[in-house]
Amino acid sequence: MNSATRSEAAAVSHPAGRLEWRPLLRWLQEDGVIDAETAQRVEQRFGAGDSAQHPLLRLAGASMHRVSNGKLLDIEALTAWLAERARIPYLRIDPLKVDVGRVSDVMSVGYAEAKRCLPVQFGLMDITVATCEPFDIGWVEQISAHTRKQIKLVVASPNEISRYTTEFFTLAKSVREAAKSGATAPSASFEQLVELGRSNKQLDANDQGIVQVVDWLWQYAFDQRASDIHLEPRRELGLIRFRIDGVLHTVYQLPPTVLSAMVSRIKLLGRMDVVERRRPLDGRIKTRNPIGEEVEMRLSTLPTAFGEKMVMRIFDPDNAVKDLSELGFSRHDAERWNRLVAKPHGIILVTGPTGSGKTTTLYSTLKRLATDEVNVCTIEDPIEMIEPAFNQTQVQSAIDFNFAEGLRALMRQDPDIIMVGEIRDLETAEMAIQASLTGHLVFSTLHTNDSVSAVTRLLDLGVPPYLINATVIGVLAQRLVRTLCEHCKQPDDSVTADILNDTLKPWRMNGKVRACKPVGCLECRNTGFRGRAGLYELLMFDEAVRKHLHAEADTTAIRRQAMQEGLRPLRLAGAMKVAEGVTTLDEVLRSTPEWVH
């Protein structure tokens, strides 16, 4: 029996039509969800008057608690109870899984608001429609006849239906209006050059439809915890994708003309050259998230075969002031890192691939060091986040102002602490070394697999071993792993200390292993993961380690010595997170390099 049939069967034992708070209150008592005393209290509170507010929302505001466990009956709990009573599946709407462009093909916004329903899933033979009125379903046959598809019903919160009805239909309308404003995209797509003779129309970046779509895009990305927004042109359509917890999700598909106009609008706001589409460009925008906090976005464009692609990296200001424990540092490594950054001079390197959290670690550390007594200066390409506590300078390649030139200029600015975005060449490395030798604390990044490989990288650049010995005081290698969702993770007895020790030779895990496995729920979109945490490997250059630094440096010998001095490799850091139930063994093995011993 499908959902629609079940709802018809359920309607036999319930009065057809809109929900009212009095029957709902009585059913809650009949089902043993609340007691008679609670029902009487709520009835006296509401009195004889009615309200335009949905009865579920009204009851949710009455501060009722479930008899069985004392938990508050909020709107989600009441909606789930109603779905069970009506024998219709309960759904918490995930906007990332709704093809927003097809919503208006099923019904108009007026119809959706009148019937309190919203299409949420689109199959070949059926359409799933969410409703908060499970006994008022006379419209099902009309929509089925209109779409020529079977209608499956699910029950969703009236809050969600109201919110997403407005968002989805407004977005669809804005996209339609924007698409009507022009017929072709700007001549940035190689394959569309032959189409230019058909029409000279181009979408205006200031068209109201485009403005609304861009505003929606940003607010939506902030709401979904996205770290990156991708606008990708294809041959027949444009794709919008969000990176959430390190994984890309397709959010929306729209006409190429609209996507191109959106890129132009964002370039305009980012003070980038709107006309230039032949070469990559960089920019930045500062805006506000839904709760009013300032958020910075770094913009990057790239010409592709089908037009101009744009990626927006979102920098959450909260990340710049995170405590080391919030970043994922163990107590052992946090203590060693604090000792390292407290030193008056030397070079500290942070290594790892792109997207491993190096910037967050550096900004968080510098933010704590940037007191009124010190002068913190940075040279970056580009400036990731504007931080008032620093003096930040951006590399300008067009005028030959590179990292080395920037460092040379910073040396005349009486700095105490210097951060160099990246050591890419020997000239930059030599300037960083010079800054360190003259009494400055220098932070920078390298792209290496682990902490010990930073030594090899500097030697490859041409830095003499004696200068590495004299200046480098520590190297922090890091990775980001997805963390298990706290709402649904379950114990995983298959991961034991023996299995963890097998991956960690010659290390061994001590203590109890409380490994967990991903399950999937509404909070994590059935992925089993929500959020990310850092894994860290800190190599400190003490006298014992420096003895192994020479022209033919043996990285294996350095590793062995560093382990004796307290270094914990990335894979061990990951295994400790597994033992604590923070992440999974598969996630750690995927993200960390094998420990060579």
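Refer to the structure above for everything that follows.
Cut-offs applied
- Residues numbered from 1 in each chain as written.
- Predicted model: local features only at pLDDT ≥ 70, side-chain atom pairs only at ≥ 80, totals over all residues.
- Heavy atoms only, no water.
- Axes fitted to C-alpha atoms, helices over the stretch in contact; angles between N-to-C directions.
- Helix = DSSP H or I, 4+ residues; strand = E, 2+ residues; numbered from the N terminus.
- Parallel < 35°, antiparallel > 145°, perpendicular 65-115°, else oblique.
- Contact = heavy atoms within 4.5 Å.
- Nonpolar A, V, L, I, M, F, W, Y, C, P; charged D, E, K, R; others polar.
- 1 Å grid on protein atoms, 1.4 Å probe; cavity = no way out; pocket = protein on both sides within 12 Å on 5 of 7 lines; lining within 4 Å.
- Points joined across faces, edges and corners; volume = space filled by probe spheres on them.
- Pairing = 2+ DSSP bridges.

Novice: Outline the packing of helix H10 (residues 208-223) against helix H11 (residues 256-269), listing residues and values.
Specialist: It is the contact of H10 with H11, at a shortest axis distance of 10 Å, that shows an interaxial angle of 75 degrees. By the angle between their axes, H10 is roughly perpendicular relative to H11. Here Ile-210, Val-211, Val-213, Val-214, Leu-217 and Trp-218 of H10 come into contact with H11, specifically with Val-258, Ala-261, Met-262, Arg-265, Ile-266 and Leu-269. When the residues that make up the contact of H10 with H11 are grouped by side-chain class, the tally is 11 nonpolar, no polar and 1 charged.

Novice: How would you explain empty space enclosed by the protein if you had to name every residue and give the values?
Specialist: This model, assessed by the stated rule, comprises 4 cavities of 30 Å³ or more. The computed volume of the second largest cavity comes to approximately 40 Å³. Lining of the second largest cavity is provided by Ile-347, Ile-423, Ala-429, Ile-433, Leu-458, Val-463, Ile-468 and Val-472.

Novice: Which residues make up the sheet that holds strand E6 (residues 247-254), and what values do they have?
Specialist: Pairing is antiparallel across the open sheet formed by 6 strands, whose spatial order is E6-E5-E4-E9-E8-E7. Strands at the two margins of the open sheet, each flanked by one partner only, are E6 and strand E7 (281-288). For this sheet, the mean angle separating the axes of adjacent strands, direction not counted, is 20 degrees. Where strand E5 (residues 238-244) meets E6, 7 bridges bridge the pair, whose relative direction is antiparallel. Across the sheet, residue Ile-244 finds its bridge partner in E6, namely Val-247. The strands that H10 touches are strand E4 (228-233), E5, E6, E7, strand E8 (294-304) and strand E9 (307-315); relative to E5, the one it contacts most, it runs at about 25 degrees. Helix-sheet contacts for H11 involve E4, E5, E6, E7, E8 and E9, and the interaxial angle to E9 is about 50 degrees.

Novice: Which residues make up unusual backbone geometry, and what are the values?
Specialist: Of note in this structure, Ser-63 is not a glycine but carries a positive phi near 55 degrees. Its place among the elements puts Ser-63 in the loop between helix H4 (55-60) and helix H5 (75-86).

Novice: Could you give an account of the layout of surface pockets, naming the residues involved and the relevant values?
Specialist: The computed volume of the second largest pocket comes to approximately 560 Å³. Looking at the lining of the second largest pocket, the element that brings in the most residues is helix H9 (residues 158-180), giving 4 residues. Here the lining of the second largest pocket is composed, by residue class, of 8 nonpolar, 4 polar and 10 charged.

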